[in-house]
Amino acid sequence: MDCEGLARAWLGAAFEAVAPGCGGGKVVPSKDARFGDWQCNDAMGIAKRLGRNPRELAQAVVGALPLPEILEKAEVAGPGFINLTLSGKAVAAGVEALAGDAALGVPQVGAGERVVIDYSSPNVAKPMHIGHIRSTVIGNAIDRILRALGYAVVADNHVGDWGTQFGILLEGYRAFLTDAEREALTVDLLEKVYVKSYNRTKEDPAWLERCREALVRLQAGDEACLAVWRRFIEISMREFGRVYDRLGVRFDLCRGESYYQPMLGPTVELLKERGLATQSEGAWIVDMKDEGLEVAIVRKRDGGFNYTTTDIATVRSRVEEFDPARIIYVTDERQQLHFRQFFRICERLGLCGKARLQHVWFGLMRLPEGTFSTRQGNVIKLETLLDEAAARARKIVDESHPDWPEAERAALAEAIGIGAIKYADLSHDPTTMIVFTWDKALALEGNSGPYLQYANARLNSLLEKYRAAVGREPAEQPLALGTPAEKALALHLLQYPNAVARAGELCKPSVLADYLYQLSQLYSSFYQGSPVLKAEPAVRDARIRLCDATSKVLRGGLALLGIPTPERL
Ligand code: ARG
């Protein structure tokens, strides 16, 4: 068992001896090293329930059983906090075990469970907006974190490839484009065609009618319409794919909304059968007023289905096919009502199986005016953003390493640029508002992607120097903790599995980002106060082992966030 498990077991047994059946024994890292390494706050709550004095109860717990070997002392403070000080030996052994484990101690809480994550999910024939970008970056980090926790993840890109917009697009494509333009079709061009055609539907009833007819032909399976529609998808996916490649994002499935088309009619029938759908002004709706939610339309007056119908059918299909423990959706905050509505409908229909439906929403990132915002303020071309990040990173690289080979500098700039953009997003709680600035994202000091990449590269080079000078493997040296800074760093390393587990449970990669930033700060306090290579051999070897463990955790954590870790920087 690891240190935390042992401490919990000891405390749990002590609580049991003093207050049988009341639980207690959870430990958390202490906020302040003066109060020990870990603390347990359970005595207060239990004493309150039992009508006992909390300090006395805590005192009794601490004295109930002999101190286990991993603890140096256990003391009561304030109203009944139990402060634990771990023995340096136990912490060192814990770090050795963690660093020697391929999973770095991350608990396999998801083993045997499946999770579907629906993320990115842009719309065909439209550039990704900032919401899709955040969904891609946050969703992918959750994806990686859950896989590390042992879940069998099905990452599904639920692209918007069906709906009334395709009538408007088909008609615009037919009328507005030259052959050459059709040949060299891009998402940008498709968007222009859409806007022009859409505007015309507003002023030209005959045009509107033609768009409707085109849609009807597409829905009826007209081969010519389908062929053009497929091309819209192909062009869009190719462009999205370029971005996914750069971001290191891969999906297991890319099932567009169109995949669920045949299931929409039966879904509405089911809603009717269960008495959930009622007719209102020619449309079919689910009245959710008694649950404090707005009416949800599931079949429009013209017979068409909509986003809600598709999402209900999608849950049904995913539950049948994958029997997941969770289905996670990552979108921007504007869709909260939609998710609440169809989650509730699925529950009422009993469609969820054992799945917990979870909407992970995030605020829209604010972009400084003029940087990469366009007309509507939130439509940006992601590729332009990535290019800009790489170009800015390239300047920094060229200044510091003009002598490095061109190919390495280019690759490095790309890695720094991507890392900066991703980290700027992931380091904030998704539900808070962020204002993105280049200076902060690309800063080499402070809480930024490049700062962590730099810390990682510096560790690599230190380990390399040790190998070259001493001729031994850092990972094989015995770990011993001398100074308080070493112990603080080691204690933080022991928290890595918890940080990953919590990030996965809450679907907040920011928990892991915070953890890694703190790790790099603790490392730098240690490193500034303790020479490694220049220390006398026994101390040097113990310290390099601590550096090796730090490097493994930092690299592993950044990989879970999808942040590239260049060897040197
Ligand atoms: N395509 C949608 C949009 O751009 C996002 C889809 C999210 N996933 C879902 N199952 N509704 O807003």
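Everything below is about the structure printed above this text.
Since this is a predicted model, take the numbers as computed values, not measurements.

Novice: Help me understand the side chain of Glu257, please; the structure alone is not making it clear to me.
Specialist: Counting through the fold element by element, Glu257 comes out in the loop between helix 10 (223–247) and helix 11 (261–273). One buried charged residue, Glu257, forms no salt bridge at all, with the nearest opposite charge on Arg318 at 9.7 Å. Discounting chain neighbours no more than four positions away, the residues touching Glu257 are His158, Val159, Gly160, Asp161, Trp162, Tyr307 and Thr310.

Novice: Got a minute to help me understand the site of the ligand in this structure?
Specialist: Residues in contact with the ligand, as listed here, are Asp118, Ser121, Asn123, His132, His158, Tyr307, Asp311, Tyr329, Thr331, Gln335 and Phe339. Between the ligand and Asn123 there is a distance of 2.8 Å, counted from a nitrogen atom to a side-chain nitrogen or oxygen. Measuring from a nitrogen atom of the ligand, one finds a side-chain N or O atom of Asp311 at 2.8 Å. Relative to its free-state accessible area of 350 Å², the ligand is covered by the protein chains to the extent of 91%. For the shell around the ligand, the secondary structure elements donating two or more residues are helix 12 (307–322) and strand 10 (326–332). Partitioning the shell around the ligand into residue classes produces three nonpolar, six polar and two charged.

Novice: Help me understand empty space enclosed by the protein in this model?
Specialist: Scanning the entire structure with this criterion turns up three cavities of 30 Å³ or more. Roughly 110 Å³ of internal volume is contained in the largest cavity. Lining the largest cavity we find Pro127, Met128, Val187, Glu239, Phe240, Val243, Lys381, Leu382 and Glu383. Elements with a minimum of two residues in the lining of the largest cavity: helix 10 and helix 14 (382–400).

Cut-off values and rules
- Residues numbered from 1 in each chain as written.
- Predicted model: local features only at pLDDT ≥ 70, side-chain atom pairs only at ≥ 80, totals over all residues.
- Heavy atoms only, no water.
- Helix = DSSP H or I, 4+ residues; strand = E, 2+ residues; numbered from the N terminus.
- Buried < 20%, exposed > 50% of the residue type's maximum accessible area, 1.4 Å probe, protein only.
- Lys, Arg positive; Asp, Glu negative; His and termini not counted.
- Salt bridge = Lys/Arg side-chain N within 4 Å of Asp/Glu carboxyl O.
- Contact = heavy atoms within 4.5 Å.
- Near = heavy atom within 4 Å.
- Polar contact = N/O pair within 3.5 Å; in protein donor to acceptor, adjacent residues only side chain to side chain.
- Areas by Shrake-Rupley, 256 points an atom, 1.4 Å probe, with all protein chains shown as cover.
- Nonpolar A, V, L, I, M, F, W, Y, C, P; charged D, E, K, R; others polar.
- 1 Å grid on protein atoms, 1.4 Å probe; cavity = no way out; pocket = protein on both sides within 12 Å on 5 of 7 lines; lining within 4 Å.
- Points joined across faces, edges and corners; volume = space filled by probe spheres on them.

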